[in-house]
Amino acid sequence: MRGHLIVVEGCDRSGKTTQCERLVQSLQEHGKDAELVKFPDRTTQTGKMIDSYLKQTSHLDDHAIHLLFSANRWEAMDALKEKLSQGKTLIVDRYAFSGVAFSAAKGLDFEWCRGPDVGLLVPDVVMFLDLTMDEAEKRGGFGEERYEKRELQMQVRKEFDKLMDDTWKMVDASQTKDQVHTAMLTIVNELPAPGPVRSGLWK
Ligand code: NYM
């Protein structure tokens, strides 16, 4: 049986990365072949350009960086497909939904933003770690990277709303770390057995 493709999305400071790591660890401890995948993957050629853009050491046109984020996903697709077919469950920290939400929040056309990612692998579930901006700020404020500003994050949240459908699972990220973890683990454990790997996101 193939593995599940599980996407975790949320605004910055929602605890996503910590929870993704913990989820993978828990699944492995329960004997599941699970692996963490993170977008952007900052190790590849496109990832290095994205990294320097995010760290504000380079400037790129908004459209160009949007396409780079998408390319960074496309170049990973064959390998991810192969892993899923081998039975690996993939926990994906950000995906095309972040791509659209962040670029549209900057003012790019929403439909244009979806275009480059049309056809990517379709996740079996998207979990959204939901946290209000006040709660996010209580966690020590945002960092130094591009996009880590209150106004932009508020707009990102609105763009995420437009992308949600009934396959998404909302997780209240204001709970304790243990509660969030349990909620995520329950969602994963309740997923139905997956069918064949599906390409064709947003088709
Ligand atoms: N981001 C992430 C985008 O703008 N577009 C994308 O397609 C993706 C995957 O990059 N603020 C933004 C969201 C984050 C930033 O992500 C880096 P992270 O998870 O902080 O490394």
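Residues numbered from 1 in each chain as written. Predicted model: local features only at pLDDT ≥ 70, side-chain atom pairs only at ≥ 80, totals over all residues. Heavy atoms only, no water.

Asker: An account of the packing of aromatic side chains is requested, with residue identities and associated values reported.
Answerer: Using the criterion set out here, one finds 8 aromatic pairs in the structure. Taking the centre distance of 5.1 Å and the plane angle of 80 degrees together, the rings of Phe-97 and Trp-168 count as edge-to-face. You can see Phe-97 sitting in helix α5 (residues 96-105) and its partner Trp-168 sitting in strand β5 (residues 168-172), a full 71 residues away along the chain. When sorted by exposure, Phe-97 lands in the same class as Trp-168, which is buried. The interplanar angle of 65 degrees and the centroid separation of 5.0 Å between the aromatic rings of Phe-128 and Phe-160 together place this pair among those described as edge-to-face. Placement of Phe-128 in strand β4 (residues 125-130) and of Phe-160 in helix α8 (residues 150-163) is noted, with a sequence separation of 32 residues between them. (Phe/Tyr/Trp six-rings, centres within 6.5 Å; stacked < 30°, edge-to-face > 60°. Helix = DSSP H or I, 4+ residues; strand = E, 2+ residues; numbered from the N terminus. Buried < 20%, exposed > 50% of the residue type's maximum accessible area, 1.4 Å probe, protein only.)

Asker: Describe the confidence of the model for the protein chain, with residues and values.
Answerer: Of all residues in the protein chain, 100% have pLDDT values of 70 or greater, and the mean over the chain is 96. Both scores are given for the predicted complex: the pTM is 0.97, the ipTM 0.98. (pLDDT = per-residue confidence, 0-100.)

Asker: If you had to explain the state of the cysteines to someone new, which residues and values would you point to?
Answerer: Under the counting rule described, the total for this entry stands at 0 disulfides. The closest cysteine sulfur to the non-disulfide-bonded Cys-20 is located on Cys-11, 14 Å from its own sulfur. Looking at the unpaired Cys-113, the closest cysteine sulfur is the one in Cys-11, lying at 16 Å. What makes Cys-113 buried here is its relative accessible area of 0%. (Disulfide = S-S within 2.5 Å.)

Asker: Go over the site of the ligand, please, and point to the residues and values.
Answerer: The environment of the ligand is formed by 13 residues, the closest being Lys-38, Arg-42, Arg-73, Arg-94 and Gly-99. The contact in question runs from an oxygen atom of the ligand to an N or O atom on the side chain of Arg-42, over 3.0 Å. At 2.8 Å, a side-chain N or O of Arg-73 approaches an oxygen atom of the ligand. When isolated, the ligand has an accessible area of 480 Å², and the protein chains bury 94% of it. For the shell around the ligand, the elements supplying multiple residues, two or more each, are α3 (62-74) and α5. Taken together, the residues of the shell around the ligand break down into 6 nonpolar, 2 polar and 5 charged. (Near = heavy atom within 4 Å. Polar contact = N/O pair within 3.5 Å; in protein donor to acceptor, adjacent residues only side chain to side chain. Areas by Shrake-Rupley, 256 points an atom, 1.4 Å probe, with all protein chains shown as cover. Nonpolar A, V, L, I, M, F, W, Y, C, P; charged D, E, K, R; others polar.)

Asker: Help me get a handle on helix α9 (residues 177-189), residues and values and all.
Answerer: Helix length check: α9 (13 residues) gives 18 Å between terminal C-alpha atoms against 18 Å at 1.5 Å per residue, within 8%. Burial in α9 covers these residues: Val-180, His-181, Met-184, Leu-185, Ile-187 and Val-188. Along α9, the residues classed as buried sweep out an arc of 160 degrees about the axis, all on the same side. Elements in contact with the buried residues of α9: β1 (5-10), α1 (16-29), β4 and β5. (Expected span 1.5 Å × (residues − 1). Arc of directions from axis to C-beta. Contact = heavy atoms within 4.5 Å.)

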